[in-house]
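Tertiary structure, described
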Amino acid sequence: MQSRLPILIFALLMAAIPFVPGMPPFWIVLLDNIGLTALVAMGLVLLTGVGGLTSFGQAAFVGFGAYTTAVLSTAYGVSPWLTLPLSLLVSGLLAVLLGLVTVRLSGHYLPLGTLAWGLGLFYLFSKLEFLGRNDGISAIPPLSIGSFKMLSPGSIYYAIWVAVIVSALLTMNLLDSRTGRAIRALRRGHVAAEAFGVHTPRAKMLVFIHAAVLAGLSGWLYAHLQRAVNPTPFGAQAGIEYLFIAVVGGAGYVWGGVLGAAIVVVLKEVLQSYLPLILPGSGQVETIVFGIMLVALLQLAPGGVWPWLMSFLPEATGGKKPDTSLKLEQRTRAPGQSSVLLQVEKARKQFGGVIAVNNVSFDVQAREIVALIGPNGAGKSTTFNLITGVLSATSGSISVLGNKVDRAPPQEIVKLGISRTFQHVKLVPDMTVLENVAIGAHLRGHCGPIASMLRLDRADEAKLLAEAARQIERVGLGEQMHQLAGSLSLGQQRIVEIARALCVDPMLLLLDEPAAGLRHMEKQRLATLLRELRDGGMSVLLVEHDMGFVMNLADRIVVLDFGTKIAEGTPATIKTNPEVIKAYLGVAA
Amino acid sequence: MNTTIMLFLLQDGITNGAIYALLGLALVLVFAVTRVILIPQGEFVTYGALTYASLAAGQMPGTAKLALALGIGAFAFDMFAARKALHGRLVLRSVLTNIVLPAVVLALTITFAAQKPPVAVCIALSLVIVAMIGLYLYRIAFQPLAHTSVLVLLIASVGVHLALQGLGLLFFGAEGQRGPAVLSGSFTAGALRFTGQSITVYGITIAFIVGLWLFFGLTLYGKALRATAVNRLGARLAGIRTTLSGQIAFLLASVIGALSGIMIVPITTLYYDSGFLIGLKGFVAAIIGGLVSYPLTAVAALFVGLVEAFSSFYASNYKEVIVFMLLIPVLLLRSLAAPAVEEEKD
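Fair warning: this is a prediction, and the values are worked out from it, not measured in the lab. (Residues numbered from 1 in each chain as written. Chains lettered and ligands numbered in written order. Predicted model: local features only at pLDDT ≥ 70, side-chain atom pairs only at ≥ 80, totals over all residues.)

Take the overall build of chain B next. Along its length, chain B carries 14 helices and 2 strands. Against the 2.2 N^0.38 benchmark of 20 Å for 346 residues, chain B shows a C-alpha radius of gyration of 20 Å, consistent with a compact globule. With respect to the three principal axes, the spread of C-alpha positions in chain B is 70 × 60 × 35 Å. Counting contacts in chain B only where the partners sit at least 6 residues apart, residues at least 24 apart contribute 78% of the total. (Helix = DSSP H or I, 4+ residues; strand = E, 2+ residues; numbered from the N terminus. Rg over C-alpha atoms; globule rule 2.2 N^0.38 Å. Contact = placed C-beta atoms within 7 Å.)

Below, the structure is given as structure tokens:
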């Protein structure tokens, strides 16, 4: 997706810096600190900016990494290189433990929860005997290769920046993959992602661990750079600081984390060394100015500095079109299967005293278009939510091909070949149409996060994108493939949702008001598409208010009013049904 | 442990808990109305406390000057925001609230500080000074960011906290201070000794909780604030000026913070940076209360105070660990109990 050239240039530039004649050693120290901070910020970018999980507790994970190596290399004399995997493992494992309690937290509880355990762990670091209490642990051995010891800031510089650049590459690879799309969809709520088989708690846990391991790596490097650790840099202040570094840089961008680290570290340094010259005599002037500058920076660029800088560059013109000759495996459709695809029997849903769906029964046969109509509040969308597992029915049963799915979660329903669109569009606006649609094919890919980071997923990925591109062209949005989904008109976004649903390779397509916001010609094109799909062997269940559209398209119509089914039949019989006319017009005809 | 110690711990816990309750209430209020997680709440506490202590000791507090400086800043922001449609009344009102008011207060502070004013004057001046700081801070730091995400507001809040804490060191020095008791005297009931100060703490906390309850339940401004909290856009469409709601929320929060500070500074020595931790414990209470419920927050705050008091007796080393870790099970219960609603995030 992204060109690797700028990263290569950046890496060469960073490699060349220590060789610049007359480079003050102090600048190298500063660059070391930027690198260490950038690692943590990068994890936060993924966690907070991309995944929407705000954490104040990252400093504690830096602490885990640093203390693990400090204890092992001083008390037990383990080689620093052996403690590296252990530091990462400890951070990762503790992330699993803390994640189990924290990741489930919703809304504002999450950041505050992380703040709470961040503080608690800080006090724990400073009270535990074997961690040296407030004094910490000193005389940590330096990193060494053979007899070469990385004692100076200049020698560990390479270790730090190799870690930063490799981590950035791995993180970007992760984001540009099947798992990455699932992560990027997290911030927009879980319903849409789950409808396509994404296990959202697992995806959240994954980013949480990823961020923690990056922080642990930073801690490990920190311990061997300073060769001493104490609790101070792992406290709540530091945790808060890491978060604002990510926000200042641009919380949604991997390089924003690096840029934020550079801005904040340099700014603090400049303030600390030059401010006393201007305003002599006072202790904490730099904190004051720093705080004020932070607020000013946010007011000028609330999205962060990186996207603000990027907006000056010419916009990248479209990605390349995926090779649509690649095919994914298709669902096997047993020829002799029963003709009843979906059977809803006496489904009932109560919200407190309100009966949203009252003992509704209907079925959908193979190769059939069924329309669910009724006035507003008739329970149509609730019925959809019952079928797709977003809500579970109070009583009654729903079966797919004869198997009961009453209590199945959305992820299981979609595996059975039922996919849906939403009444209120649920796309990720800052992802391209292609990426959004590819989420639909989530379950048809197999590569996990590790494979994605190492770019071992390319064959799998190419097939997923090919499928997505094929479906986009099928619905007639080939031109818009590389535009951001948020930039499309509402009608087009609905069509994108249909393409996403088609990526599941469904047997039954559930469409919630697909024609709303479409122009006349677009509606006709949609009707043609749906007929083609039916003739190709798919069934469609749709909720729609446009009667002309429904009457011309549907094979059968089910009418709901106040949660109760009042009629069912062909369009012709429904048109003349007195109950239906009464429900719509309020008087008996 | 004997009964006397237990009663003593209980009393200590309730006194601290009452303070946390007030701070928790303020945090809930500000968050609900403006979506700002008010980290500088702790600075309002120290500013109130140390301004009061300085005044009582006959020293000139730097906070009065800060109020004027911020007022001038707020005036500049007002003028810049209204640059396309400046008219007399608007300018006059801005000058009065942002420049004349803090200037008058500064003049009063200078006159009084020299002659060791009585306790009541110290309290009044401290409250007004901190209230103005809160008001102007909202105008300068948060109002321009009102449309952004909770995260950005939070980071801005951290920035304000850092700046205020640094200024606190500048104004009050690194030395801790204590102030004179608001209400001196004491009486004993059985094994317990009640000081006038602790009675004041209970009284004011209860008065505030009842006051806030009446304010939100009965007054038009209170209802406007609640409406803003529920739905900003809806409130604006109904003609509520959401910036006014934000100003009221910050005003109340800073007054509550300063008052809490004034109440505890006679009991404990406060330093320029003590506020942060006190504020955070108010937070713990607010979160346990779910950031929405006032009575629940008050109950939770008492609980936090008690846990703190008892853990300082049993495991004083781990006091802070226990208080902050307390949150995790509570948060977990809350988020499990909450229905899985779809959140539309920014």
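Moving on from the model shown.
Let us look at the environment of Ser381 of chain A. Residues and elements named next belong to chain A. Topologically, Ser381 is positioned in helix α14 (residues 380-387). Taking C-alpha positions, Ser381 is 15 Å from Phe362, a pair spaced 19 residues apart along the chain. Those residues in contact with Ser381, other than ones at most four positions away along the chain, are Gln423, Asp512 and Val543.

Take helix α8 (residues 220-230) of chain B next. Since the α-helix packs 3.6 residues into each turn, any two residues three or four apart lie on the same face. Residues and elements named next belong to chain B. Of all the positions in α8, only Ala224, Leu225, Thr228 and Ala229 are classed as buried. Looking down the long axis of α8, one finds its buried residues gathered within 140° of arc, a one-sided arrangement. Along α8, exposed side chains directed more than 90 degrees from the buried face belong to Leu220 and Val230. For α8, the secondary structure elements touched by its buried residues are α1 (3-34), α7 (196-218), α9 (232-237) and α10 (242-264). (Buried ≥ 20, exposed ≤ 12 C-beta atoms within 10 Å, placed from the backbone. Arc of directions from axis to C-beta.)

Glancing now at the environment of Ala296 of chain A. Within the element layout of this structure, Ala296 of chain A appears in helix α12 (residues 285-300). Residues Ala296 of chain A and Arg470 of chain A lie 174 residues apart in sequence; the distance between their C-alpha atoms is 47 Å.

Further remarks concern the interface of chain A and chain B. Listed by partner, the interface residues are 41 residues for chain A and 41 residues for chain B. When contributions to the side of chain A that touches chain B are tallied by element, the ones reaching two or more residues are α5 (109-127), α10 (236-249) and α12 of chain A. Within the side of chain A that touches chain B, the residues separate by chemical class into 22 nonpolar, 15 polar and 4 charged. (Nonpolar A, V, L, I, M, F, W, Y, C, P; charged D, E, K, R; others polar.)

Across chain B, the average pLDDT comes to 83, with 94% of residues at 70 or higher. This stretch, residues 339-346 of chain B, has a pLDDT under 50; its non-local contacts, to residues over four places away or in other chains, come to 10 contacts. (pLDDT = per-residue confidence, 0-100.)

Attention now goes to the sheet that holds strand β12 (residues 539-543) of chain A. Residue and element names in this part refer to chain A. Judged by pairing direction, the sheet is mixed, and its 6 strands sit side by side in the order β10-β11-β12-β7-β13-β14 without closing on themselves. Every interior strand has two partners, whereas the edge strands, β10 (418-420) and β14 (564-569), have only one. Strand-to-strand twist across the sheet, computed as the mean angle between neighbouring axes with direction ignored, equals 15°. Where strand β7 (residues 369-373) meets strand β13 (residues 556-561), 4 bridges bridge the pair, whose relative direction is parallel. When the sheet's bridge partners are listed, Val370 is paired in β13 with Arg556. Across the face of the sheet, helix α23 (residues 578-585) comes into contact with β13 and β14 while running at roughly 130° to β14. (Pairing = 2+ DSSP bridges. Axes fitted to C-alpha atoms, helices over the stretch in contact; angles between N-to-C directions.)

What follows covers α1 of chain B. The terminal C-alpha atoms of α1 of chain B, which comprises 32 residues, lie 45 Å apart, in line with the 46 Å expected from a rise of 1.5 Å per residue. At the exit of α1 of chain B stands Arg35 of chain B, carrying a positive phi of roughly 65°. (Expected span 1.5 Å × (residues − 1).)

What follows concerns unusual backbone geometry. Residues and elements named next belong to chain A. Even without a glycine there, the phi angle at Lys346 is positive, about 50°. In this fold, Lys346 is placed in strand β5 (residues 340-351). Residue Lys346 is classed as partly exposed on the basis of its C-beta count, with 14 C-beta atoms lying within 10 Å. In this structure, Phe562 takes a positive phi of about 50° despite not being glycine. Residue placement: Phe562 occurs in the loop between β13 and β14. Overall, Phe562 belongs to the partly exposed group, with 14 C-beta atoms counted inside 10 Å.

Across a sheet, paired strands are connected by hydrogen bonds in the backbone, their directions being either parallel or antiparallel. Residue and element names in this part refer to chain A. Overall, antiparallel pairing links the 4 strands, which are arranged β6-β5-β8-β9 in an open sheet. Two strands bound the open sheet, and with one partner strand each, they are β6 (354-365) and β9 (403-404). Across 8 bridges, β5 lies against β6 in antiparallel orientation. Bridging across to β6, Val344 finds its partner in Phe362. Here α14 sits on the sheet in contact with β5, β6 and β8 (395-400), set at roughly 115° to β5.

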